[in-house]
Amino acid sequence: MAFSLAAKYASAVLLLLVLPCHGAAHNITAILGAHPGLAEFTSLLASTGLAHDINRRNAPITVLAVDNAGMAPLKARRMPRAAIRRRLSLHVLTDYDGVKLRSLPPGGSAVASTLFPASSSGAGGNGMVKIVMPGLGLGDEGRARFLPVGSGPGFWQAAFFVKSVYEEAPRDMSVFQVSAVMSAGGPRKATH
Ligand SMILES: *[C@@H]1O[C@H](CO)[C@@H](O)[C@H](O)[C@H]1NC(C)=O
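Residues numbered from 1 in each chain as written. Predicted model: local features only at pLDDT ≥ 70, side-chain atom pairs only at ≥ 80, totals over all residues. Heavy atoms only, no water.

Identification of the chain as FAS1 domain-containing protein from Hordeum vulgare subsp. vulgare is taken from an unreviewed UniProt entry.

Here it is as structure tokens:
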């Protein structure tokens, strides 16, 4: 009797210890679903399979979401799904969480990996994103900036930090809203 009670407690404790390790319980579609202003971004994240890839990861991850107005230029270009996936994969920083981002000093910068498949890039860029923190100098816009590294000639686009949308416990998932869909270069009209 005493033994089976102890065993029950032991298994309950074991369950508690094991549960948090079992797959990150985050669901980016559900998290973003609470924000209708990010609906276009959310829908493309799901249809390109990026949402699935994000949910599968256990490592810290930061998703840079863009509001519906910011998504309009991308939508207007009627790009193939694979090209849209490449563009949005730059918005998934794979080794940064909110805590690590905030620890960058004023005016400092860092380079983050993303889900962008560097090897298949025909549009410049190496799949890394440079994060530049606002400095204290004159003319500084006071917002962190995200720039694709190794951008090719032609059209490229940086994004500015807008606000924090969601932050989980340290070293898990953060969602920030940024001003635009980043581009690593290439002709403005091509469906790269
Ligand atoms: C994630 O959330 C969305 C929206 O609530 C839901 O449709 C989907 O089934 C969820 N996915 C998983 C793997 O739980």
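1. Overview of unusual backbone geometry
Even without being glycine, R78 reaches a positive phi, approximately 45 degrees. Along the chain, R78 turns up in the loop between α5 (68–76) and α6 (81–89). (Helix = DSSP H or I, 4+ residues; strand = E, 2+ residues; numbered from the N terminus.)

2. Some words on the side chain of T114
Mapping T114 onto the fold places it in the loop between β3 (109–113) and β4 (128–132). At 2.7 Å, the side chain of T114 and the backbone oxygen of G127 are in polar contact. If we ignore the near neighbours within four places in the chain, the residues touching T114 are S89, L90, V92, L93, T94, G127, M128 and V129. (Polar contact = N/O pair within 3.5 Å; in protein donor to acceptor, adjacent residues only side chain to side chain. Contact = heavy atoms within 4.5 Å.)

3. Digging into the sheet that holds strand β7 (residues 173–178)
Read from one edge of the open sheet, seven strands run β2-β1-β7-β6-β5-β4-β3, paired in mixed fashion. The sheet is open, and its two edges are formed by β2 (92–93) and β3, each paired on a single side. Direction of pairing for strand β6 (residues 159–167) relative to β7: antiparallel, over a ladder of five bridges. Its bridge partner lying in β7, S164 is registered against F176. (Pairing = 2+ DSSP bridges.)

4. Things to note about helix α3 (residues 39–47)
Structurally, the α-helix is built with 3.6 residues per turn, so residues lying three or four positions apart point the same way. Within α3, the full set of buried residues consists of F41, T42, L44 and L45. On its buried side, α3 packs onto α2 (28–33), α4 (50–56), β1 (61–66), α5 and α6. Just downstream of α3 lies G49, where phi reads positive at about 85 degrees. (Buried < 20%, exposed > 50% of the residue type's maximum accessible area, 1.4 Å probe, protein only.)

5. Here we look at the packing of aromatic side chains
The final tally for this structure, using the stated rule, is one aromatic pair. When the centroid spacing of 5.3 Å and the interplanar angle of 75 degrees are considered together, the rings of F161 and F176 count as edge-to-face. Separated by 15 residues along the polypeptide, F161 in strand β6 and F176 in strand β7 bring together distant segments of the chain. Its relative accessible area of 3% is what places F176 among the buried residues. (Phe/Tyr/Trp six-rings, centres within 6.5 Å; stacked < 30°, edge-to-face > 60°.)

6. Here's the deal with the pattern of salt bridges
Tallied over the entire structure, the rule returns four salt bridges. Between D53 and R56 there is a salt bridge; the shortest N-O distance is 3.4 Å. Here the residue D53 and the residue R56 both occupy positions in helix α4, the gap between them amounting to three residues, near one helical turn. Overall, R56 belongs to the exposed group, its relative accessible area being 58%. Of the charged contacts in the structure, one is a salt bridge between E167 and R102, with a shortest N-O distance of 2.2 Å. Pair noted here: E167 is in strand β6 and R102 is in helix α7 (residues 98–102), with a separation of 65 residues, a long-range link. (Salt bridge = Lys/Arg side-chain N within 4 Å of Asp/Glu carboxyl O.)

7. Overview of α5
G70, M71 and L74 are the residues of α5 that are buried. Summarising the axial view, the buried residues of α5 lie within an arc of 90 degrees, below the 170-degree limit, and thus occupy one face. Turned more than 90 degrees from where α5 packs its buried face, A69, P73, K75 and A76 sit exposed. Of the surrounding elements, those touching the buried residues of α5 are α3, β1 and α6. (Arc of directions from axis to C-beta.)

8. Description of the nonpolar core
Counting residues in hydrophobic clusters, the biggest one holds 45 residues, and the most contacted among them are I28, F41, I54, L88 and I131. Here this core takes five residues from β1, the largest share from any one element. (Core = buried A, V, L, I, M, F, W, Y, C linked by side-chain atoms within 4.5 Å.)

9. A look at the environment of K130
Structurally, K130 can be placed in strand β4. Judged by its relative accessible area of 34%, K130 is partly exposed. For K130, the residues in contact, after removing those within four places along its chain, are S109, A110, V111, R145, F146, L147 and V149.

10. Some thoughts on the packing of α3 against α6
As a packed pair, α3 and α6 sit with axes 10 Å apart at the nearest point and diverge in direction by 115 degrees. Here the hand of the crossing between α3 and α6 comes out left-handed. For the pair formed by α3 and α6, the contact residues are F41, L44, L45 and S47 on the first element and R81, I84 and L88 on the second. Residue composition of the contact of α3 with α6, grouped by class: five nonpolar, one polar and one charged. (Axes fitted to C-alpha atoms, helices over the stretch in contact; angles between N-to-C directions. Left-handed = near helix turned anticlockwise from the far one by under 90°. Nonpolar A, V, L, I, M, F, W, Y, C, P; charged D, E, K, R; others polar.)

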